Amino acid sequence: MQLEKKESSEGDCHLDTCRIPEVPRLLYPKAQLLKPTRVDVLVMTPWFAPIIWDGTFDSAILDAQFRNITIGLTVFAIKKYVVFLKLFLETAEKHFMVGHKVNYYVFTDQPAAVPQIPLQEGRQVVVLEVRNYKRWQDISMHRMEMISNFSQRRFLREVHYLVCLDVDMKFSDHVGVEILAPLFGTLHPGFYAGDRQSFTYERRPLSQAYIPRDEGDFYYAGGFFGGSVPEVYRLTVACHQAMMADQANGIEAVWHDESHLNRYLLHHKPSKVLSPEYLWDEQMLQRPPLLRKLRYVAVPKNHAEIRNR
Amino acid sequence: MHCPRLALGLGFCLLVGMALCSLCNMKLQYKGEKPFQPVTPSQYPQPKLLKQKPTEFLTLTPWLAPIVSEGTFEPELLRHIYQPLNLTVGVTVFAVGKYTQFVQRFLESAEQFFMQGFRVHYYVFTNDPTAVPRVRLGSGRLVSTIPILRHSRWEEISTRRMQSISQHIAERAHREVDYLFCLNVDMVFRNPWGPETLGDLVAAVHPGYFAVPRQQFPYERRPLSTAFVADGEGDFYYGGAVFGGRVAEVYEFTRGCHMGILADKANGIMAAWQEESHLNRRFISHKPSKVLSPEYLWDDRKPQPPSLKLIRFSTLDKDTDWLRS
């Protein structure tokens, strides 16, 4: 199926959904203007980006609006991280964009280690062989460069949206088209309730990722971001260039690619924000009542053991 | 398709359809697609994720379109985001016959409250350009009068608006504006109406039906009409007096409504609330990307409920029988 190339108008579309899709006649409960669906949490940012929580969306309508699209999922399994692929892909088959066309783009330095798992119809695994780096920080940071390269080379022609994920995780509940937007970020589970002064932004002005103490909307997680291919391309190019500039200045941002992601999303507001339902760590955090679902969660790992070997 | 006669018949119908629909496949070159613009930081409070006070109105539709009301947005932040884009916002109003008397108050109040700091182009559709008063406009804002025919029945005038708007976009507005709002002229702005209203396709909740179940919405209920809405369907009842969006989307929307109105005409039926019925039908299958709360479309005859924090755009009390005679 020939994919029509997205026009440059995507550029300033990042604040509104582009193109009005037609939906067939559907039956679903009616929303009530005087009855907010969630009263315990903020469901929309001050720049009108929906914050996605359970209860705010109707999947029947959204699936109808997003039919006939292909979603690309990027995941990096370098060195010992290949061990996470099986559970990641198996749970993705159960929970990620079910009913839609999905391309799993698995970036790895060991193509033979990518497990064969049974896939639903319309879904495929594409293995992309890439180099590894000695330091885990470099592996993490070079994801931006690799995603930007492949965006140009193939993603633009193959998928409508890109979802860029960490691999040492598993899906435990529905993650669907409600997340799709020209540009989206996810609230880091450790900081959703915090003040901007306490966010672990890069605070040294020398770095390209620098954010002053009185600025910042949210602390976004480096392990779950995405959007339309042109927007993800812009984001990853910008972050990669910023990291190169930092390297030339002899500085490395405190949380690496995540610091640069945060800087980018401060200056290019995302059109949707995913709640911590979409990225959680049960080992590190106590689950509060406002989290009705845990959709994508950390898999326990021994950090020292798995990195740098 | 294996049946040649069927193919021939369909081909013929397609040709006829295309001939009838003069604006059908016209490819429009829209006014400058804007390159991506970063936002320079501005001072505004950090969004509070864990809310203490619930908002009065629902702020998101089930398809994740924002519902705009006071308190849901930061005007400064939005200005910061939208100002660098150098947008031009168009407005269409229809002032036919005695309705020309509303133009002055409409324009004067718009000059005070509508899209301050933006380039604005008002298009006043009228059968009598001489009856359109000259109103003092701020810099970067202009009025054009667009001549249209006056029809004998007010319902006729009303249902031809969709056609007039889509034609006007194709002929002119697509080159001149980025966003277009289609508003009723017998109204007045009372409070700021700004870039919080901009979106791909924007609808406004009708002030008379926002607290009422869908079965009581005054949809067209006769299956013969293209505006027919069945009992279990419907999100909100939207007002015909306010809609808008990106000029390309408004073009598709008005054209779609016009097609429905034409089909009804051919079948000898006129929908219960004329083009408002068709607008509501279309907004079910082409859901708006942004919904304006009743702040943006109010009826002054109604008492102001506590959930309504301010009124930005409302009807003028008027003698409709006389106006339509």
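Looking up chain B in an unreviewed UniProt entry gives the name Globoside alpha-1,3-N-acetylgalactosaminyltransferase 1 isoform X3, with the organism given as Tursiops truncatus. One UniProt comment on chain B, placed under Subcellular location (unreviewed entry), says "Membrane". Here is the UniProt Sequence similarities (unreviewed entry) comment for chain B, exactly as written: "Belongs to the glycosyltransferase 6 family."

Chain A appears in an unreviewed UniProt entry as Histo-blood group ABO system transferase isoform X2 from Tursiops truncatus. A UniProt comment under Sequence similarities (unreviewed entry) is attached to chain A, and it reads "Belongs to the glycosyltransferase 6 family." Under the UniProt heading Subcellular location (unreviewed entry), the entry covering chain A gives this text: "Membrane".

Student: What's the story with the UniProt feature "binding site: an alpha-L-fucosyl-(1->2)-beta-D-galactosyl derivative" (unreviewed entry) in chain A in this structure? I'm lost.
Tutor: Residue and element names in this part refer to chain A. According to UniProt, the "binding site: an alpha-L-fucosyl-(1->2)-beta-D-galactosyl derivative" (unreviewed entry) feature falls on H188, T200, E258 and D281. Here T200 is to be found in the loop between β7 (183–186) and β8 (224–228). A relative accessible area of 26% means that T200 is categorised as partly exposed. Once residues within four sequence positions are removed from consideration, T200 is found in contact with F191, Y219, V254 and W255. Looking at the secondary structure, you find D281 in the loop between β9 (272–274) and β10 (296–298). With relative accessibility at 18%, the residue D281 sits in the buried group. Of the polar contacts made by the side chain of D281, one reaches the backbone nitrogen of Q283; its length is 3.1 Å.

Student: What is the right way to read the interface of chain A and chain B from this model?
Tutor: Quoted interface sizes are often the accessible area lost when the parts come together. Each side of the interface is counted separately: chain A has 69 residues, and chain B has 67 residues. Overall, the association of chain A and chain B removes approximately 5700 Å² of surface from exposure, summing both partners, and the carbon and sulfur fraction of that is 63%. It is A:I20, A:L33 and A:F48 that lose the most area in chain A upon contact with chain B, and together they represent 15% of the buried surface on that side. A salt bridge links B:E233 to A:R25, with the nearest nitrogen and oxygen atoms 3.0 Å apart. Applying the counting rule to chain A against chain B returns 17 residue pairs in polar contact (both at pLDDT 80 or more). Elements represented by at least two residues in the side of chain A that touches chain B include exactly β1 (51–52), α1 (59–65), α4 (229–248) and α5 (257–267) of chain A. Residues of the side of chain A that touches chain B, tallied by class, amount to 36 nonpolar, 14 polar and 19 charged.

Student: Looking at this structure, how should I read unusual backbone geometry?
Tutor: Trans peptide bonds make up the majority, and among non-glycine residues the majority have a negative phi. All names here are of chain A. For N68, which is not a glycine, the phi torsion comes out positive at approximately 65°. For N68, the location among the structural elements is in the loop between α1 and β2 (70–77). For H256, which is not glycine, the phi dihedral falls at a positive 55°.

About the criteria used
Residues numbered from 1 in each chain as written. Chains lettered and ligands numbered in written order. Predicted model: local features only at pLDDT ≥ 70, side-chain atom pairs only at ≥ 80, totals over all residues. Heavy atoms only, no water. UniProt positions renumbered as here; feature names shortened; annotations may be inferred. Helix = DSSP H or I, 4+ residues; strand = E, 2+ residues; numbered from the N terminus. Buried < 20%, exposed > 50% of the residue type's maximum accessible area, 1.4 Å probe, protein only. Contact = heavy atoms within 4.5 Å. Polar contact = N/O pair within 3.5 Å; in protein donor to acceptor, adjacent residues only side chain to side chain. Buried area = accessible area lost by both parts, 1.4 Å probe. Salt bridge = Lys/Arg side-chain N within 4 Å of Asp/Glu carboxyl O. Nonpolar A, V, L, I, M, F, W, Y, C, P; charged D, E, K, R; others polar.

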